[in-house]
Amino acid sequence: MKIYEIGTGYTPVPAQVSAATESVVEELTKSYMEMGQSVEIIDISSSSRAENNLPITEVRVPSVFTGSDVSLGIMHKLKRVVYSVALAFKLGKILKNQKEQIVLHFHNQYNLFFFLKLVPEKIRSKALIAYTNHNGMWSLPWDKVKDTIHSRYFQEIAAMKGADCVCVLNNNTKDSIVENAGIDSCRVSVVRNGVNVDIYRPLSEDEVNKYRNLYNLSGKKVILQVGSVYENKGQARCVEMLAPVLRNHTDVVYAYAGGIVSQEYKDSVDRTAKDCGVSDKVIYLGSFAPGEEMNGIYNLADVTVFASEYEGFPLVCAESLSAGVPVVICSDLAVDFGKGSIKSDKENIEKDIVRIFSDNDEYIKLCSEARKNATENYAWLNVAQEYSAVFSK
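Every value quoted in this text rests on a predicted model; they were computed, and no experiment measured them.

Peer 1: Account for the overall build of the protein chain, with residues named and values stated.
Peer 2: Each helix and strand counted, the protein chain has 15 helices and 13 strands in total. For a compact globule of 393 residues, the expected C-alpha radius of gyration is about 21 Å, and the protein chain comes in at 21 Å, within 12% of that figure. In terms of principal-axis extent, the alpha carbons of the protein chain reach across some 65 × 45 × 40 Å. In the protein chain, which comprises 393 residues, the share counted as buried stands at 58%. On the protein chain, roughly 17000 Å² of surface is accessible, and the fraction owed to carbon and sulfur atoms is 48%. Within the protein chain, the 49 negative side-chain charges are centred at a point lying 6 Å from the centre of the 43 positive side-chain charges.

Peer 1: Quick rundown of helix α12 (residues 315-322)? Include the residues and the values.
Peer 2: Burial analysis of α12 places 7 of its 8 residues in the buried class, the great majority of the element. For α12, the full list of buried residues reads Leu315, Cys317, Ala318, Glu319, Ser320, Leu321 and Ser322. One or two positions beyond α12, positive phi appears at Gly324, with a value near 80°.

Peer 1: Kindly report on the nonpolar core, identifying the contributing residues and their values.
Peer 2: Leu104, Phe106 and Phe115 are the most contacted members of the largest nonpolar core, which has 95 residues in total. Sequence-distant contacts of Phe115, defined by excluding residues within four places in its chain, comprise Ala88, Leu91, Leu95, Leu104, Phe106, Arg124 and Ile129. Counting 32 residues, the second largest nonpolar core, distinct from the first, contains Met241, Val252, Phe357 and Leu366.

Peer 1: Just give me the short version of the pattern of salt bridges, but keep the residues and values in it.
Peer 2: Across all of its chains, the model carries 14 salt bridges by this definition. Where Arg49 meets Glu58, a salt bridge forms, and the shortest distance between an N and an O atom there is 2.9 Å. By relative accessible area, Arg49 is classed as buried at 18%. Two residues, Arg237 and Glu309, come together in a salt bridge whose shortest N-O distance is 3.6 Å.

Peer 1: Pulling in residues and values, what's your account of the sheet that holds strand β8 (residues 221-226)?
Peer 2: Strand order in the open sheet formed by 6 strands is β10-β9-β8-β11-β12-β13, and the pairing between neighbours is parallel. Strands with a single pairing partner mark the edges of an open sheet, and in this sheet they are β10 (282-286) and β13 (341-343). Here the average twist between neighbouring strands, direction ignored, is 25°. Taken together, the 6 bridges between β8 and strand β9 (residues 252-257) define a ladder with parallel strand orientation. In the sheet register, Gln225 faces β9, and the bridge partner there is Tyr256. Contacts between helix α11 (residues 292-299) and the sheet are confined to β8, β9, β10 and β11 (303-306), with β8 contributing the most and set at about 140° to the helix.

Peer 1: Now, about the packing of aromatic side chains: what can you tell me, with residues and values included?
Peer 2: Each aromatic ring pair is characterised by the separation of its centres together with the angle its planes make. Counted under the stated rule, the structure contains 11 aromatic pairs. A ring pair is formed by Tyr254 and Tyr256, whose centres lie 5.7 Å apart and whose planes are at 15°; its orientation type is stacked. For Tyr254, a relative accessible area of 0% puts it in the buried group. Lys221 extends its terminal NZ or CZ atom over the ring of Phe357, reaching a point 5.5 Å from the ring centre.

Peer 1: Requested: an account of the sheet that holds strand β7 (residues 188-190), with residues and values cited.
Peer 2: Judged by pairing direction, the sheet is parallel, and its 7 strands sit side by side in the order β3-β2-β1-β4-β5-β6-β7 without closing on themselves. Looking at which strands have only one partner, the edges of the open sheet turn out to be β3 (56-59) and β7. Looking at each pair of strands side by side, their axes are set apart by 25° on average, direction ignored. Against the sheet, helix α2 (residues 74-96) engages β1 (2-6), β2 (38-44), β3, β4 (102-106) and β5 (127-133), with an angle of about 145° to β2. Running at roughly 155° to strand β6 (residues 165-168), helix α15 (residues 380-391) makes contact with β1, β4, β5, β6 and β7 of the sheet.

Peer 1: Quick rundown of the packing of α2 against helix α3 (residues 109-118)? Include the residues and the values.
Peer 2: Helix-helix packing: each pair is described by the crossing angle between the helix axes and the interaxial distance. It is the contact of α2 with α3, at a shortest axis distance of 8 Å, that shows an interaxial angle of 50°. Considering the angle they form, α2 stands oblique to α3. Relative to α3, α2 is oriented so that their crossing is right-handed. For the pair α2 and α3, contact is made by Lys77, Arg80, Val81, Tyr83, Ser84, Val85, Leu87, Ala88, Phe89, Leu91 and Leu95 and by Tyr110, Asn111, Phe114, Phe115 and Leu118, respectively. Here the residues of the contact of α2 with α3 sort into 12 nonpolar, 2 polar and 2 charged.

Peer 1: Now, about a nonpolar patch on the surface: what can you tell me, with residues and values included?
Peer 2: Taken together, the side chains of Val64, Met75 and Leu78 make up a nonpolar region of the molecular surface, amounting to roughly 280 Å² of accessible area. On the secondary structure map, Leu78 appears in helix α2. Its relative accessible area of 41% is what places Leu78 among the partly exposed residues.

Peer 1: So what's going on with the side chain of Ser84? Residues and values would help.
Peer 2: Tracing the sequence through the fold places Ser84 in helix α2. Separated by 2.6 Å, the side chain of Ser84 and the backbone oxygen of Arg80 make a polar contact. Reaching out from Ser84, the side chain makes a polar contact with the side chain of Asn111 at a distance of 2.9 Å. The residues contacting Ser84, other than those within four sequence positions of it, are Tyr110, Asn111 and Phe114.

Rules of the game
As a convention, each chain's residues are numbered from 1 in the sequence order in which they are written. At least 70 in pLDDT is required for a residue's local features to be given in this predicted model, at least 80 for side-chain atom pairs to be given and counted, and no such filter applies to totals for whole chains, interfaces and linings, which use all residues. Side-chain measures here rest on the full set of heavy atoms in the structure, leaving out hydrogens and waters. Going along the chain from the N terminus, every DSSP run of H or I of four or more residues is numbered as a helix, and every run of E of two or more is numbered as a strand. For the radius of gyration, the atoms used are the C-alpha atoms, and the globule rule reads 2.2 Å times the number of residues raised to 0.38. Accessibility here uses a 1.4 Å probe with only protein chains present; expressed as a share of the type maximum, an area under 20% marks a residue as buried, one over 50% as exposed, and anything in between as partly exposed. Here, Shrake-Rupley sampling with a 1.4 Å probe gives the accessible areas, and only protein chains in the shown set may cover a residue. Residues counted as positive are Lys and Arg, residues counted as negative are Asp and Glu, and His and the chain ends are not counted. Lysine's charge is taken at NZ, arginine's at CZ, aspartate's at CG and glutamate's at CD. Here, nonpolar core means buried Ala, Val, Leu, Ile, Met, Phe, Trp, Tyr and Cys residues that are tied together by side-chain atoms lying within 4.5 Å of each other. In what follows, residue pairs with any heavy atoms lying within 4.5 Å of each other are defined as contacts. When a carboxyl oxygen of Asp or Glu is within 4 Å of a side-chain nitrogen of Lys or Arg, the pair counts as a salt bridge. DSSP-based pairing: two strands are paired if at least 2 bridges between them are found. Lines fitted to C-alpha atoms define the axes here, with helix axes fitted over just the stretch in contact, and angles between the N-to-C directions of these axes take values from 0 to 180 degrees. For this analysis, a ring pair means two rings from Phe, Tyr or Trp (six-membered ring only for Trp) whose centres lie within 6.5 Å, classed as stacked if their planes differ by under 30 degrees, edge-to-face if by over 60, and tilted for the remaining angles. In this scheme, the term charge over a ring applies when either NZ of a lysine or CZ of an arginine sits within 6 Å of the ring centre and within 35 degrees of the ring normal. Should an angle lie under 35 degrees it is considered roughly parallel, over 145 roughly antiparallel, and from 65 to 115 roughly perpendicular; all remaining angles are considered oblique. Two helices cross in a left-handed way if the nearer one is turned anticlockwise from the farther one by less than a right angle. They cross in a right-handed way if the turn is clockwise. Think of it as three bins: nonpolar holds Ala, Val, Leu, Ile, Met, Phe, Trp, Tyr, Cys and Pro, charged holds Asp, Glu, Lys and Arg, and polar takes everything else, Gly as well. Patch membership requires more than 30% relative accessible area and the absence of a salt bridge. Residues of like charge join within 9 Å; the nonpolar side chains Val, Leu, Ile, Met, Phe, Trp and Tyr join within 5 Å. Each polar contact in these results corresponds to two N or O atoms within 3.5 Å; when the atoms are within protein, one needs to be able to donate a hydrogen and the other to accept it, and residues that are neighboring in sequence are counted only if both atoms are side-chain atoms.

Okay, here's the thing in structure tokens:
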């Protein structure tokens, strides 16, 4: 059996900007290779692809579409369509010449939707078509999201119906697509994402100090939030929640990192900080490439916070734990990452963070538990083995 991991076309693999799904494709491929599993990535063409030793076959698209685009605007949508059409024809050619059993593992609704529309069923039947639903919106109450899903994600419903097997990142999503999208539960498996525990790891004190000095954070207690800057991730909500901590403790700052999807929302974060009287305590660090660079940012933090309204699987939580940095979860989502993480809310977050910072021995224990939890429960090799088992059913 050969597995083809399908890049989404959002940004080339390996990702050089924050891109969770591209990281999934990269890490799954690395783990399959470690397992001795035959695997290949099919991905958008790029003249500036990061150096790598991954088996990648490129899908040619006009050069105007080959760059990384985090804006999610009209050009982004057009790029998705252009790439998806070119991808469908590329995969059709691969299938025509294929003699061994293969799996096409899709991660994006556009990619699979156009593949199903443009490649004849007789050719498609030569492969097992797998689709992983990374869309956190499906995990929310159906009455809250049904109109949005029917208007914006109708392609995803068609994609899931056309797939031989569907993987989801949490049980709520499984329940929702079975009940509300009519997907046969026998075709749905829960396989959560993982973290590269070799890259995301605790750094030495000297290395941590280097990163802290770089951002003028020496001597500060740093609360970090990682994620694209837009409404769902909730940076403005975090500033509002953390304002009492920031006002009452002179050495505590809130730093956030991630690509700016919405400048308007970034401006609202700044306004919220000003309105709460904590502008001098709120620091935007910038956007960073996944891997070693991002690991350095995690390591400059004392704790991270997670506050998304919806998320299939919060990779940032797993990455933080793996870096040995405790996570404070202040989201209404049913997210539980176990040891090294703390569930909190607006009413209790100041008390919870002060407690973490005030007992050094307990804090060191919490950091150790975070790292151990990640290495034992979230390693990518385990995730790849779960996917392989699903594809072999």
